[in-house]
Amino acid sequence: MLILHREPVDLPPAAAEAGIRGRVLFQIHVGPAGRVKEAHLLSGHPLLAEAAREAVLKYRFRLLTRNGRPAGWKSVLAVPVPSPAPAAERRGA
């Protein structure tokens, strides 16, 4: 697996109130150091997009090499935005 660290998405309050969950799709550019340099929205609910993008920018990936040197790469990444944990819903109520 290439993902070393996956940051959870903080569900925006407006999305939580509206009951919006789902998946957000990004085109990502990972630099030679394994950090996401860019995340361009491909699809997903507008209320989830920015929170998912903030999480994706904190992802860390295993280093890939090309000709023995660290190399950047691009891919498409689906980010699930689940329902909040029941304890988090109780705190917010």
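Conventions adopted
- Residues numbered from 1 in each chain as written.
- Predicted model: local features only at pLDDT ≥ 70, side-chain atom pairs only at ≥ 80, totals over all residues.
- Heavy atoms only, no water.
- Helix = DSSP H or I, 4+ residues; strand = E, 2+ residues; numbered from the N terminus.
- Buried < 20%, exposed > 50% of the residue type's maximum accessible area, 1.4 Å probe, protein only.
- Contact = heavy atoms within 4.5 Å.
- Areas by Shrake-Rupley, 256 points an atom, 1.4 Å probe, with all protein chains shown as cover.
- Pairing = 2+ DSSP bridges.
- Axes fitted to C-alpha atoms, helices over the stretch in contact; angles between N-to-C directions.
- Core = buried A, V, L, I, M, F, W, Y, C linked by side-chain atoms within 4.5 Å.

**What about the overall build of the protein?**
Each helix and strand counted, the protein has three helices and seven strands in total. Starting at the N terminus, the α and β elements of the protein follow one another as β-α-β-β-α-β-β-β-β-α. Within the protein, the proportion of its 93 residues that are buried is 30%. Sequence-distant contacts, at least 24 apart, represent 68% of the contacts inside the protein between residues at least 6 apart. Surface summary for the protein: the accessible area is close to 6100 Å², and the carbon and sulfur share equals 54%.

**Re the sheet that holds strand β3 (residues 36-43)**
Read from one edge of the open sheet, three strands run β3-β2-β7, paired in antiparallel fashion. Edge strands, defined here as strands with exactly one partner in the open sheet, are β3 and β7 (73-81). Going across the sheet, the axis of each strand differs from the next one's by a mean of 30°, ignoring polarity. Where strand β2 (residues 22-30) lies against β3, six bridges are found, and the strand directions are antiparallel.

**Some details on the nonpolar core**
Grouped together as the largest cluster of nonpolar side chains are 22 residues, with contacts concentrated most on F26, I28, V36, V56, F61 and V79. Among the secondary structure elements, those contributing two or more residues to this core are β2, β3, α2 (46-56) and β7. For this core, the element with the highest residue contribution is α2, accounting for five residues. Sequence-distant contacts of V79, defined by excluding residues within four places in its chain, comprise V9, G22, R23, V24, F26, A52, V56 and Y59.

**Thoughts on unusual backbone geometry**
With a phi angle near 55°, N67 is a residue other than glycine that sits in the positive phi range. For N67, the position within the fold is in the loop between β5 (64-66) and β6 (69-71). A relative accessible area of 79% means that N67 is categorised as exposed.

**What to know about α2**
Of all the residues in α2, the buried ones are L48, A49, A51, A52, A55 and V56. On its buried face, α2 sits against α1 (13-18), β2, β3 and β7.

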